[in-house]
Amino acid sequence: MSKIALNETVLKNVRLWGVPGAAPTDLVIRDGLIASVSATELPGDDCGGRLLMPGFVEPHVHLDKTLSLGTDGLENESGTLDEAIEHWLVSEPLRDRTDFEHRAEAALRLASSRGVTALRTHINVSSLSMVPLEALLTVRERWRGRIEVQLVALGLPGSPAEDAAYAEALHMGVDVIGGSPNHAPDAHAAIRSAFRPRAVWRASRNTRSPPAWGPGSAPTTAVRWPIWTSQTDSASSEKWPRAA
């Protein structure tokens with residue numbers, strides 16, 4: 001009997017996704033790449049005729065907020081975005097880095113167990129705090145090789161302080177610039193900032209002020225901070241709560 005190499009994985013008796021009616025076959029994976037799709041004498045794992053599919057892709061999650069409902073009394077009785085933002089503005093600054101890491105990893109374990117191999121998550125980025133991003137950068141490294149995690153900066157660019165926070169996020173390792181212009185004080189300025197060249201972002205980094213608060217404290221002024229980029233309803237500053 002032939003022997004498989006240490007860098008090989010052999011899946012036997014699998015049905016291929018996208019090829020309806022085809023008979024089960026064998027798959028040889030070598031150095032992480034599919035080397036052959038045909039019957040082989042190599043020993044391997046008998047998949048019993050199960051369907052072999054590409055890994056699932058989760059294109060839109062918020063790992064900094066995932067699994068937070070019900071923790072520390074966090075509820076959303078109305079099920080609306082406005083109430084979610086209201087509670088999160090108070091809850092987020094009370095959470096430390098360990099909390100963000102623990103919940104994000106729990107969500108990744110659930111995703112991985114259901115076949116997700118790539119995931120894009122939005123992360124709150126602000127001149128007030130970078131704790132969520134710091135936590136998710138750590139989690140991304142821990143899960144490298146199991147789930148490809150792409151980090152998207154989600155905030156309100158368009159002012160010097162918030163632009164500097166975005167520049168810092170890029171320096172730290174965020175993958176994509178995002179935002180929610182409809183929640184920004186100046187939607188046009190937010191859009192212009194989001195589409196600035198990377199070199200301009202790097203120049204903005206030096207103007208960032210240190211965070212005004214961190215875990216265990218809260219801002220004393222109203223903060224307009226979005227949760228979902230898909231939200232399209234306009235929001236006036238009066239609708240946004242004052243964190244206490």
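Let me sum up the structure you'll find in this document. (Residues numbered from 1 in each chain as written. Predicted model: local features only at pLDDT ≥ 70, side-chain atom pairs only at ≥ 80, totals over all residues. Heavy atoms only, no water.)

1. As for the packing of aromatic side chains
Operational definition: Planes of paired rings set the category: under 30 degrees apart is stacked, over 60 is edge-to-face and the rest tilted, where pairs are Phe, Tyr or Trp rings (Trp by its six-membered ring) whose centres lie within 6.5 Å. Counted as over-ring charges are cases with an Arg CZ or a Lys NZ within 6 Å of the ring centre that also lie within 35 degrees of the ring normal.
Under the counting rule described, the total for this entry stands at zero aromatic pairs. The ring centre of W143 lies 4.0 Å from the NZ or CZ of R146, which sits over that ring.

2. Quick notes on a nonpolar patch on the surface
Here is the rule: Here, patches come from residues exposed beyond 30% relative accessible area and free of salt bridges, joined within 9 Å for like charges and within 5 Å for nonpolar side chains (Val, Leu, Ile, Met, Phe, Trp, Tyr). Only the protein chains shown count as cover for residues, with accessible areas throughout obtained via the Shrake-Rupley method and a probe of 1.4 Å. Salt bridges are counted wherever a side-chain nitrogen of Lys or Arg sits within 4 Å of a carboxyl oxygen of Asp or Glu. Helix and strand definitions follow DSSP, with helices as H or I runs of at least four residues and strands as E runs of at least two, each counted in order from the N terminus.
The grouping of W17, L51, M53 and F56 at the surface amounts to a nonpolar patch, some 420 Å² of accessible area in total. Topologically, F56 is positioned in strand β6 (residues 56–61).

3. With respect to unusual backbone geometry
Selection rule: Each residue is assigned to one of three classes by its accessible area relative to the maximum for its type, calculated with a 1.4 Å probe on protein chains only: buried under 20%, partly exposed between the two thresholds, exposed over 50%.
In this model, D31 sits at a positive phi of 55°, which is unusual for a non-glycine residue. Mapped onto the elements, D31 comes out in the loop between β2 (25–30) and β3 (33–37). By relative accessible area, D31 is classed as exposed at 57%. Its identity as a non-glycine residue notwithstanding, L67 has a phi of 60°, on the positive side. Among the structural elements, L67 can be located in the loop between β6 and α1 (81–91). Taking relative accessible area as the criterion, L67 reaches 43% and is therefore assigned partly exposed.

4. So, the environment of E58
Which entries qualify depends on this criterion: By definition in these notes, contact holds between two residues if any of their heavy atoms fall within 4.5 Å.
Residue position: E58 is located in strand β6. Judged by its relative accessible area of 28%, E58 is partly exposed. Apart from residues no more than four positions distant in its own chain, E58 is found in contact with V116, A118, L119 and R120.

5. Some thoughts on the pattern of salt bridges
Any two side chains of opposite charge can pair, given that their charged atoms come close. Considering all chains together, one arrives at twelve salt bridges under this definition. One salt bridge connects E8 with R30, and the closest N-O pair in it is separated by 2.6 Å. Of this pair, E8 sits in strand β1 (residues 8–16) while R30 is found in strand β2, placing the two residues 22 residues apart along the sequence. On the accessibility criterion, R30 (36% relative accessible area) is partly exposed. As a salt-bridge pair, R140 and D175 come within 2.9 Å of each other at their nearest N and O atoms. Taken together, the positions of R140 in helix α3 (residues 131–142) and D175 in the loop between α4 (160–172) and β9 (176–177) put the pair 35 residues apart, joining distant regions of the chain. Among the residues examined, R140 registers a relative accessible area of 12% and is labelled buried.

6. Focus on α3
Going by this rule: Multiplying 1.5 Å by the residue count of a helix minus one yields the expected span of that helix.
When the terminal C-alpha atoms of α3 are compared, their 17 Å separation across twelve residues agrees well with the 16 Å that a helix rising 1.5 Å per residue should span. For α3, every residue scored as buried is listed here: V131, P132, L133, A135, L136, L137, V139 and R140. Against the buried residues of α3 lie α2 (97–113), β7 (116–124), β8 (148–154) and α4.

7. With respect to the nonpolar core
The condition is simple: Buried Ala, Val, Leu, Ile, Met, Phe, Trp, Tyr and Cys residues form a nonpolar core when they are joined through side-chain atoms within 4.5 Å.
Counting residues in hydrophobic clusters, the biggest one holds 30 residues, and the most contacted among them are L63, L108, L119, V125, L136 and L151. If you list the elements that add at least two residues to this core, you get α2, β7, α3, β8 and α4.

8. What to know about α4
In this model α4 runs 18 Å from its N-terminal to its C-terminal C-alpha over 13 residues, within 8% of the 18 Å that 1.5 Å per residue would give. Of all the positions in α4, only E162, D163, A164, A165, Y166, A167, E168, A169 and L170 are classed as buried. Just downstream of α4, G173 is the residue with a positive phi angle, here 130°.

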